[in-house]
Structures are given as structure tokens and as C-alpha cells.
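# Commentary on secondary and tertiary structure
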Number of protein chains: 2
Amino acid sequence: MSLIVQKFGGTSVRDAERLRNVAEIVTDTYQQGNDVVVVVSAQGDTTDDLIAKAEEVNPRASKREMDMLLSSGEQISAALLAMTIEGMGFPVVSLLGWQAGFDTTTDYSNARIKKVNPARIRQELDKRRIVVVTGFQGVNRFGDMTTLGRGGSDTSAVAIAASMHADLCQIFTDVDGVYTADPRKIPGAIKLETISYDEMLELATLGAQVLHNRSVEMAKKYNIELEVLSSLTRRRGTIVKEESKVEKMLISGVAKDDNIARISIIGVPDKPGLAFKIFSKLASKRINVDIILQSIGRNGTKDISFTVEKSKLEDAIALLQENAEKWGASNIVSDDNVTKVSIVGAGMESHPGVAAEMFEALFSRSVNIQMISTSEIKISVLLNKADGERAVEAIHEKFFETA
Amino acid sequence: MSLIVQKFGGTSVRDAERLRNVAEIVTDTYQQGNDVVVVVSAQGDTTDDLIAKAEEVNPRASKREMDMLLSSGEQISAALLAMTIEGMGFPVVSLLGWQAGFDTTTDYSNARIKKVNPARIRQELDKRRIVVVTGFQGVNRFGDMTTLGRGGSDTSAVAIAASMHADLCQIFTDVDGVYTADPRKIPGAIKLETISYDEMLELATLGAQVLHNRSVEMAKKYNIELEVLSSLTRRRGTIVKEESKVEKMLISGVAKDDNIARISIIGVPDKPGLAFKIFSKLASKRINVDIILQSIGRNGTKDISFTVEKSKLEDAIALLQENAEKWGASNIVSDDNVTKVSIVGAGMESHPGVAAEMFEALFSRSVNIQMISTSEIKISVLLNKADGERAVEAIHEKFFETA
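Counting restarts for each chain: residues are numbered from 1 in the order of the written sequence. Whichever chain is written first becomes A and whichever ligand is written first becomes 1, with later ones labelled in order. Local features in a predicted model are, by the rule used here, given only for residues with pLDDT of at least 70; side-chain atom pairs are given and counted only at 80 or more, and totals for whole chains, interfaces and linings are based on all residues. Only heavy atoms go into the side-chain values, all of them from the structure, while hydrogens and water stay out.

### Considering the overall build of chain A
Spelled out, the test is: The helix count covers DSSP runs of H or I at least four residues long, the strand count covers runs of E at least two residues long, and both are numbered beginning at the N terminus. Note on method: radius of gyration uses C-alpha positions; expected globular size equals 2.2 Å times residues raised to 0.38. For every residue, the accessible area (1.4 Å probe, protein chains only) is compared with the maximum for its type, and the residue is labelled buried under 20%, exposed over 50%, or partly exposed between those bounds. Any two residues having at least one pair of non-hydrogen atoms within 4.5 Å are treated as being in contact. For the accessible areas, the method is Shrake-Rupley and the probe is 1.4 Å, while residue cover comes only from the protein chains on display. Here the positive residues are Lys and Arg and the negative ones are Asp and Glu; neither His nor the chain ends is included. Charged groups are reduced to one reference atom each: NZ for lysine, CZ for arginine, CG for aspartic acid, CD for glutamic acid.
Tallying secondary structure elements over chain A gives 11 helices and 20 strands in all. For a compact globule of 403 residues, the expected C-alpha radius of gyration is about 22 Å, and chain A comes in at 23 Å, within 12% of that figure. Out of the 403 residues in chain A, the part that is buried amounts to 57%. Long-range pairs, those at least 24 residues apart, make up 75% of the contacts in chain A between residues at least 6 apart in sequence. Of the roughly 17,400 Å² that chain A leaves accessible, carbon and sulfur atoms contribute 47%. Side-chain charges in chain A split into 48 positive and 55 negative, and the spacing between the mean points of these groups amounts to 4 Å.

### Some points on the relation of the copies chain A and chain B
Cut-off, in case you're wondering: Copies are brought into register by a least-squares superposition over C-alpha atoms of residues with pLDDT of at least 70 in both.
The two copies are related by a screw motion: chain A maps onto chain B through a turn of 180° and a shift of 0.0 Å along the axis, at an RMSD of 0.1 Å. Expressed as a symmetry operation, the mapping of one chain copy onto the other fits a two-fold axis. Using C-alpha coordinates, one finds that chain A approaches the rotation axis most closely at S72 of chain A, a distance of 2.6 Å.

### Here's the deal with the sheet that holds strand β1 (residues 3–8) of chain B
Residue and element names in this part refer to chain B. Let me state the cut-off plainly: By definition, two strands form a pair when at least two bridges between them are found by DSSP. Axis lines are fitted to C-alpha atoms, over the contacting stretch for helices. Their N-to-C directions set the angle, which ranges from 0 to 180 degrees.
Across the sheet, which stays open at both edges, the 8 strands sit in the order β3-β6-β2-β1-β9-β11-β12-β10 with mixed pairing between neighbours. The open sheet terminates on both sides in strands that have one partner only, identified here as β3 (92–95) and β10 (194–196). Neighbour to neighbour, the strand axes of the sheet diverge by 20° on average, direction disregarded. Sheet topology places strand β9 (residues 168–173) next to strand β11 (residues 226–230); 5 bridges connect them, and they run parallel. Across the sheet, residue C169 finds its bridge partner in β11, namely L226.

### Here's the deal with the interface of chain A and chain B
Threshold: Defined here as a combined quantity, buried area equals the accessible surface (1.4 Å probe) lost by two parts on assembly, summed across both. The salt bridge criterion pairs a side-chain nitrogen of Lys or Arg with a carboxyl oxygen of Asp or Glu, the two atoms within 4 Å.
On the chain B side, the residues contacting the 40 residues of chain A number 40 residues. Taken over both partners, the interface formed by chain A and chain B buries close to 3,200 Å², and the fraction arising from carbon and sulfur atoms is 60%. Applying the counting rule to chain A against chain B returns 2 salt bridges. Two residues, R120 of chain B and D144 of chain A, come together in a salt bridge whose shortest N-O distance is 2.7 Å.

### Here's the deal with the packing of helix α8 (residues 274–284) of chain A against helix α9 (residues 313–327) of chain A
Residue and element names in this part refer to chain A. Threshold: Throughout this description, any angle smaller than 35 degrees is read as roughly parallel, any larger than 145 degrees as roughly antiparallel, any in the 65 to 115 degree range as roughly perpendicular, and the remainder as oblique. Take the far helix as your reference; a near helix turned counterclockwise from it by less than a right angle gives a left-handed crossing, and one turned clockwise gives a right-handed crossing. Residues were grouped as follows: Ala, Val, Leu, Ile, Met, Phe, Trp, Tyr, Cys and Pro as nonpolar; Asp, Glu, Lys and Arg as charged; and all remaining residues, including Gly, as polar.
Running from amino to carboxyl end, α8 crosses α9 at an angle of 150°, the nearest separation of the two axes being 10 Å. Classified by the angle their axes make, α8 and α9 are roughly antiparallel. Seen along the crossing, α8 lies across α9 with a hand that is right-handed. For the pair α8 and α9, the contacting residues are L274, K277, I278, K281 and L282 in the first and A316, L319, L320, N323 and W327 in the second. Per-class residue counts for the contact of α8 with α9 are 7 nonpolar, 1 polar and 2 charged.

### Regarding the confidence of the model for chain A
How we decide: Per-residue confidence from the predictor is reported as pLDDT, a score between 0 and 100.
Mean pLDDT over chain A works out to 90, with 96% of the residues at or above the 70 mark. For this predicted complex, the interface confidence comes out at an ipTM of 0.77, alongside a pTM of 0.79.

### Considering the pattern of salt bridges
All names here are of chain B. Under the criterion given, the structure shown has 49 salt bridges over all chains. For E124, the salt bridge is made with R129, and the minimal N-O distance between the two is 2.5 Å. Owing to a relative accessible area of 28%, R129 belongs among the partly exposed residues under this scheme. Residues E393 and R365 are paired through a salt bridge, measuring 3.6 Å at the closest nitrogen-oxygen approach.

As C-alpha cells, then:
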């Protein structure tokens, strides 16, 4: 008997018909003799509807009250899924984040899971019940409802899997696995059988949108085998685990991320410690910085450029402008008309020519590169947004279609 | 500084405009220097919408999962009201039933409050925050969500008032007080300034629908002063407290309850103990019995008739039929085409002629009486449903309009 955690997103539970479909997947898994813990997101548009209601009464509602409001969404979907499973004659119980032992930090709307105490889940499984848990939420040390932020339900599922040493954590979504590129845009995209945590992590961070990076990080840390699969096709998906078996492949995927903006701090004094000051200031406001590029000092000054999530651009600019004078910067400029295209692959570590091939592909389509960033298994380039699609096509063709 | 508990029903919080109106009442009370705890029901149609969703996936969903589902309704309204108050610049925090310390019995969908531990509410009030609490819900000893059943939010409000020794508990509703009869139907109905707990209790039980009887019982037990008033008019309402001041009035109101059915058990042996067996059996299934009438024994058998809530009729009949043979009953018949009309008034204790006047009023309109039940401050009659309106008119005229 295995313990399997299954996570279903908002589209998968959006109405009675889809709930029935999910209930069938869950009860099939249960009937095969497994213990099953199900993690659900809010139904389809529920979260948007609730946000609209909040906007109407107070466009600047506190994050604490937003979390109170939004966490009702998963409560509804969890109860409805449990009822659907009941209707099929299986023993089941739904649990809220706080009942399922989700202990989080106090950062409303973007809390992190500190630990999961699965005592109640364990107790219900011991009664041979299917356990449905609300994703995306927990409770903080004040006893207040918190939500986990984007992709939170994936993280909830992996956290349960980790705390209970589950044998498999299945993430059901509307794609049937991880592809070498976005299959809706690149017809030649290939589904991967397996991918390593690190590759998946780079792809998640880079906007592949299949799994949220926090969930992959946690899966890697606790060595939880993940499967990304579709709730509609019942086909095997892509397994994410420590060692990828696709060693023959140089890279495992191409990803594009439009949710990005570039900021440049112009003409700061060329002396030590300034980068530290700038980036720790941003970090203190939870603004994550991605690609960083620093010009070589000239005439005693230099420029520092970096990228941030588009939604954080306004906050970042405000923060930088507050401090610009103190740092001696002459100007702060930004551009949100950019995109980041990346290739990821454990194989590139031992193949130094990968970057050159990527740049060649871009050059062949006259795509200009603004910034470059590399890690052991990833190469990212910042481009004009208009060049994004073309760049992905060119790169995918180069690595996957010209065999 | 006083501590005031204010309860608003579903209609009062049904949309952004009504939420704003409620927020104004609450913040006015706060600005007058009071500590304010607000208890809210789910918005307008939320509960019905959720029930419809449940019906769609499983018409026979367990009560436990129904409570999980429905308790999200108050969560939404509480968060939205808190946001509205925030938007007006006041410190506020919303709390769910379990956060507010509502400890209930395990009867899902019809739980009773065992105790309220108001530590968290107290802590928030000490920070000078307005506290918005979800009505209608709590948590049982398994750590599961429970709901309190019909009128539960009134009870939640009174329970908080009792546990915190509040100075006043205001129940805002869509009528502006307690009337001598339903003002929508009897144009001459008079609003009462005050009414005693006992009178209110009889009126509530008898279908006046202004306050739920559980809330009045609790208010009486802990001597909490209640005010029933409208969230729209800002006029003084009716005060419910130990001693009514309307001593000049013989009776304080006429009420009609259509939500009732009559059951007769025909031809049971005329021996001791049977009534006990029948009614304890019904009580064990939580079926409340109201008017009871037992015929005089004849030929060794007798008939027992009584009334139950209409929704419990089916369950009651099933239960009785199971046991009919054992009890030696020859037949069980029922009639749900009945209504109960009652008059309530502390004044009638010292005026023995009240019952005669009531019967005279009914006789003057040719209304036939099926059953009669009296208490110290109440007289109820069971009538054909078709006679109900006419009976109320006749009685109200007799006692209130013929001065």
C-alpha cells in the first residue's frame, strides 16, 4: 500500500462535471489499495469573483482580510469534492488548512509553510478515509488564516507529501506533462518522460508555468517524486525526480517569461558595497531580483541593471528613488517591454558549446540580446518582448528539431 | 465605555451598498466610545447558492461536509465587512467561529454552543479594534466546522454578549422592532417599546420570526439586554429584557406559524407509560413536539395527537410506524394543512378572561379550533390553514384595535 498525494487545480474542479472526473481519479487510486490525500485549489473563477467583491468594497483592503476572504474558495471546493466522493459511496473527509496542520509564516497573501503537522490527516487515513485538503492556505502563529501566494496549492501538496513521506505526489493540471517548449506555441514540442528537480526548477522559475518553483524546491529538498499529468487524459505524465534519465538530451526545455521588467540604476559611484546595499534593500521588501548586469566602471561611475517581476516594478522603482540620492545615482530607468528566454538542461554542464548554439539561433533570426545570465544548467537572455516568440521557435528548432 | 454586540443578517450585508450602511452603523457606535463586536450572517443568497452547488454534486451530502461548505458563507461576509470598515479608516479584524472561541456540540447542521472562550476577541478589543465575527458557526471537539442551524447567528451574537458581559446586544433585521402582529399583514399592528424575555420567547417559538428562540433563551438565562431594530431606519427598536413595561397591555402580540403539522396515533391501549415511550422516542431523534392532546380513554384505548415542525413530519411518521405495532396502535394519521395561531402576554396571568376573548374572536369569524394549548403567558390554537389569516385579524382587532 502506497501513500499518494494528488493535487488538482482550479480548472480541474471548476464544476460538477469536472468534480466528478476528479472524484473518479481519486477513487480509482483509492481502490487500487492506496492511501490518498487530495489537495484542491478554489474552483475556476471563485478567486477572481471574490477579488472583485473585495475591490468593490475596498480597493486597498489589507492582506490579512484578503486572506480571510480568499481562503473560503478552497473551503468550498474541498467540501464539494468530498460530497462528490461521498456520493460515489467512498469514505471521505475534507479538512481546512488549519485542520490539516499547515503552520505558516505571518506574511499574509504570500505566506510560507513552516511545517505541516499531519496528525489529523494520519488519523483519518487510519480510518481508511480519503482525505481532501484545502490547498493554498494555512494558519500563522497569531491563529490567523494565511494564503501561500501564487502556485501555493502545488506547495501544499508537496508539503503534505514531505511531512508524511508519501510515495508519490501527483500534480494534475491542464497539460499532460512537461514539454521541451510550450506545446500550444511550438508544434514540435516534445513531452519529457522524466526531468530532474534542478531542470524543473529552472523551467518553473523561467516561466514554464507547469509547476511553481517553491513546490519543486521543496520536492527536491525532501526527495519527493512528483508527477505532472493531466486530469483529463489519464495518460502517464512527466516524472520529476533526482536524476533525469534523458541524458542523451543536451537541454530539456526552452521557456519564455514575459512577466518581467528591467531596471537600470545609472551612474552610481564605482566603489565597493553599493551592490550589497541596493540588493539587500530590495530583498528587505521581498522584491526578488533575477538577472543582474553591472557595467565596468568608467570615470568613477558605473551602471547596475537587473530584472524584477513585473508586478514588483512599481514598488522597486519607488524604493530605489527614495534612496537614489543617498547612493549617488544619477538616474533610474526601467523597461517592462522585455521578455526572458531560457534554455535548461543538466546536459549542458559537460557541453560548453551550448551557449554559442543558442546565440547562433538568435542571430539567425536577427534577435538582439540585451542581457545574458547563466548558471550550471541554464542560459537566460533578456530580449525585446516583440522578439520572444521568434526566439523560442529558433532555439527549439536548433536543439530539438534539427536531428 | 460600553461593550455592544451588533448582529446583522444576510439581507443587511447582501451587497457593497448594504455593507457600507452596516459599516456606518458599526463605526458610529465605535466612535461614541464603545467597544464593538459585530456578528454577521452570510450575504443574501450565498447560502442558497452553496446549497444548490451541493445538490448538484450530491443531493444526500453528509451534514459534516454541508457544514464545511456553508460555513464559508459567513467567512466571506465577515471579511468583506472588515474590508469595508478598513476602507473607512477604522481599525478592524475579522474572526471565524473557531478563532472567536465558539465551542459547539457535534451535531452537524444543528450544533449548540457549549461555550464561548472570548480570549481572542478580548485581545483584539484591547487594541481598540472593531471585531467582526462570523455568526452561525463554531468548531466541535473533533476540531470540525459546525453550523448552528436556523437563527444561529442571533444565538452567536447573544453567546458572545453573555460570555463577555456585554451591555447591549443589538439584533439588526429588516423590521424595526417587535410588533403586536405581522405588520405586513395586519395594518393596525403596533410596535412595542419593550417586551419581556418570556413574551419574546413565546413569540419567537410561535413563528413571529423576529428572533430565534435559542437566542432569546440564552439572553434570558444570562440577562442580556437585547434590542431588535432595523439596519435601514436608524430608529430605536424594541428592547427585550427581564421586565416588560407595557403592563397596561393584556397581551403583547399575535403570531401565526404555518410551519407545523399534526400527527395522531389512533387507538393505543389506555395504560400508563405509553406517552413517555412515544415522546422519548421522538426526542431521541431530535423531533420537537409542540401541542399535545390526549383523548380520554374509551374501550381501553385512547388517541394521542401532537404537532411537529413540518420538516420533521416525514421522519416522525417513519419512526412512529416502525413502533406502531409494538405500542399496539391501530393507525397513524397526519395533517400538514394546519396553522397555529397564538397570543402572548405577561398580562394574561392575572386576567383569566383572555382565553374566552380569544375564542370569541375566532367564533365571530366562524373559525373552528382543532386543538388548544395554554401556558402562563400564551394561548395557542391549531386551526385549518385556510382560517389562519382571518383568525389573526380577528384576534388583533379584538385586543388592539377595539379600544
